[in-house]
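Results of the structural survey
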Amino acid sequence: MKCAIMQPTFFPWPGYFSLINEVDKFIFLDDAQFSKGSWHNRNKIFLANKVSWLTLPIKKKDLFTSINEIEIADVKILNNKINTKIKEAYQNHKYFSCIIEITDFLEKLETINLSEINISIIKFISLKLGINKVNFIKSSDLMIKGKRTEKIISILNKVSASSYISPPGAQDYLSQDNYGLNTNIPLSFIDYHQKEYSQKKITNFISNLSIIDVIANVGWSETSDHIKLKN
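Below or above, wherever it landed, is the structure these notes cover. (Residues numbered from 1 in each chain as written. Predicted model: local features only at pLDDT ≥ 70, side-chain atom pairs only at ≥ 80, totals over all residues. Heavy atoms only, no water.)

1. Some points on the overall build of the protein chain
A count of helices and strands for the protein chain gives nine helices and seven strands. For 231 residues, the compact-globule estimate of 2.2 N^0.38 gives 17 Å, and the protein chain sits close to it at 18 Å. Based on the C-alpha atoms only, the size of the protein chain along its principal axes is roughly 55 × 45 × 30 Å. A buried classification covers 49% of the 231 residues belonging to the protein chain. In the protein chain, once contacts between residues fewer than 6 apart in sequence are set aside, the share between residues at least 24 apart is 65%. When the accessible surface of the protein chain is summed, it comes to about 11700 Å², and 47% of that surface belongs to carbon and sulfur atoms. A gap of 3 Å separates the mean positions of the 29 positive and 23 negative side-chain charges of the protein chain. (Helix = DSSP H or I, 4+ residues; strand = E, 2+ residues; numbered from the N terminus. Rg over C-alpha atoms; globule rule 2.2 N^0.38 Å. Buried < 20%, exposed > 50% of the residue type's maximum accessible area, 1.4 Å probe, protein only. Contact = heavy atoms within 4.5 Å. Areas by Shrake-Rupley, 256 points an atom, 1.4 Å probe, with all protein chains shown as cover. Lys, Arg positive; Asp, Glu negative; His and termini not counted. Charge placed at Lys NZ, Arg CZ, Asp CG, Glu CD.)

So, in structure tokens, the structure goes:
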């Protein structure tokens with residue numbers, strides 16, 4: 001049972017969905033600490049001939065607040081500010097109809113909880129990309145204490161994981177915390193390198209934009225191929 005663990009982020013980049021596509025169980029680490037200025041409530045799109053931030057304003061909270069305790073300023077922001085900016089950015093793209101599916105989905109969201117918004121978006125896009133066999137789990141539902149690698153291992157044990165696939169960015173702290181000495185669950189790192197795709201009005205390819213940019217330029221079907229690891 002292959003497993004991955006990631007914090008729920010706002011309209012993630014394609015590599016996030018590539019990781020989901022590789023596992024049987026995907027745990028949203030929603031009880032991790034919220035980081036101001038992180039991917040938790042913002043991501044990058046291409047608007048008006050430049051890279052632009054798509055940001056969800058949030059209500060002020062204490063420094064050590066968990067992601068699942070963060071609320072956005074107003075649910076209408078999704079329906080108005082965010083939807084308007086996405087449509088403005090991609091209204092002349094070939095697959096704008098796919099973008100409308102996303103904005104229509106956002107209009108139906110009624111929660112102001114940031115984590116629930118992010119998780120709902122990620123699940124919706126995963127389904128549209130044909131990722132329909134993964135079991136999504138929230139770490140907060142597991143009620144596991146601990147920090148960093150200790151918590152990761154406890155989560156893996158709780159969900160009966162047979163292997164753990166991690167993004168390369170976690171390699172340093174997993175090594176520092178002696179992951180291999182504290183569990184027999186095999187660890188591997190996803191080897192995702194984003195493929196270039198045709199971007200409207202862009203001569204030199206811009207990588208690491210939100211998955212929204214891929215969908216607008218190539219549609220659902222090709223985006224599904226885009227996130228797959230190279231053989």
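Text resumes after the structure shown.
2. Some remarks on the packing of aromatic side chains
How two aromatic rings sit relative to each other is given by the distance of their centres and the angle of their planes. Following the criterion strictly, the structure yields 12 aromatic pairs and no others. Taking 5.3 Å as the distance between ring centres and 75° as the angle between the ring planes, the aromatic pair formed by tryptophan 13 and tyrosine 192 counts as edge-to-face. With a gap of 179 residues between them, tryptophan 13 in the loop between strand 1 (2–6) and helix 1 (14–21) and tyrosine 192 in the loop between strand 7 (187–189) and helix 9 (211–226) connect regions that are remote in the sequence. An aromatic cluster is defined as three or more aromatic residues linked by ring pairs; in this entry it consists of Tyr16, Phe17, Phe26, Phe28 and Phe136. If you follow arginine 42 out to its NZ or CZ, it ends over the ring of tryptophan 53, 3.7 Å from the centre. (Phe/Tyr/Trp six-rings, centres within 6.5 Å; stacked < 30°, edge-to-face > 60°. Lys NZ or Arg CZ within 6 Å of the ring centre and 35° of its normal.)

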